[in-house]
Amino acid sequence: MDAIVAARVPRAAARALAALAFAFLPLAPAQAAPKVIQVQVAGHALRVEVAATVEERMRGLMFRAKLDANEGMLFVFDEPGYHSMWMKNTPLPLSVAFVDGEGRILNILDMEPQTLDSHYAAGPARFAIETNKGWFAQRRIKAGDKVTGLPKVK
């Protein structure tokens, strides 16, 4: 009997701490509005939220219910690499274009919602652009096309 009581005490304390934390949650600072820029993808305007920090890149478009027709997200990687994307907790079907440091599209892939499949850059990518599935195809954008208006990177 004593073991059962001892096991319940830490759980009760944990619940009390969680309730206390939630009580003060509204006092936490609000997340800053995302930085939004406009890029040109093979001459087509696309308004993108910039995901430049590790936290922003990890969150990406998770839980997003919709994107407008000419909206997306620009992922800015710290270093060029064979980066990959997945669709965990992402209810929207998306297309991703991996882009090198000079703004050339390396490859474009379509991604299905709520999957854990990895989608890799075909070369060392410095950026990735996610937008509604089919956005690139509808505009006949392909590997080798140029993206302008990208932020300067070190």
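Residues numbered from 1 in each chain as written. Predicted model: local features only at pLDDT ≥ 70, side-chain atom pairs only at ≥ 80, totals over all residues. Heavy atoms only, no water.

Draft legend 1. How the structure looks around the environment of Arg59. You can see Arg59 is positioned in helix α2 (residues 54–59). In the structure, Arg59 is positioned 29 residues away from Lys88 in sequence and 9.7 Å away in space, judged by C-alpha atoms. (Helix = DSSP H or I, 4+ residues; strand = E, 2+ residues; numbered from the N terminus.)

Draft legend 2. Broad picture of the packing of aromatic side chains. A complete count under the given rule lists one aromatic pair for this structure. Here the aromatic rings of Trp135 and Phe136 are separated by 5.3 Å at their centres, their planes lie at 90°, and the arrangement is edge-to-face. Accessibility assignment for this pair places Trp135 and Phe136 in one class, buried. (Phe/Tyr/Trp six-rings, centres within 6.5 Å; stacked < 30°, edge-to-face > 60°. Buried < 20%, exposed > 50% of the residue type's maximum accessible area, 1.4 Å probe, protein only.)

Draft legend 3. Highlighting unusual backbone geometry. The residue Gln114 is not glycine, and still its phi comes out positive at about 55°. Here Gln114 falls in the partly exposed class, since its relative accessible area comes to 48%. With phi around 60°, Arg140 is a residue other than glycine that occupies positive phi space. Counting through the fold element by element, Arg140 comes out in the loop between α3 (135–138) and β9 (147–148). Residue Arg140 is classed as exposed on the basis of its relative accessible area of 72%.

Draft legend 4. Main features of the sheet that holds strand β5 (residues 94–99). Spatially, the seven strands line up as an open sheet ordered β6-β5-β8-β3-β2-β1-β9, and their pairing is mixed. A single partner strand is all that each edge strand has here, and the edge strands are β6 (105–111) and β9. The pairing of strand β3 (residues 71–81) with strand β8 (residues 125–132) spans six bridges and is antiparallel. Across the sheet, the residue bridging to Leu74 is Ile129, located in β8. (Pairing = 2+ DSSP bridges.)

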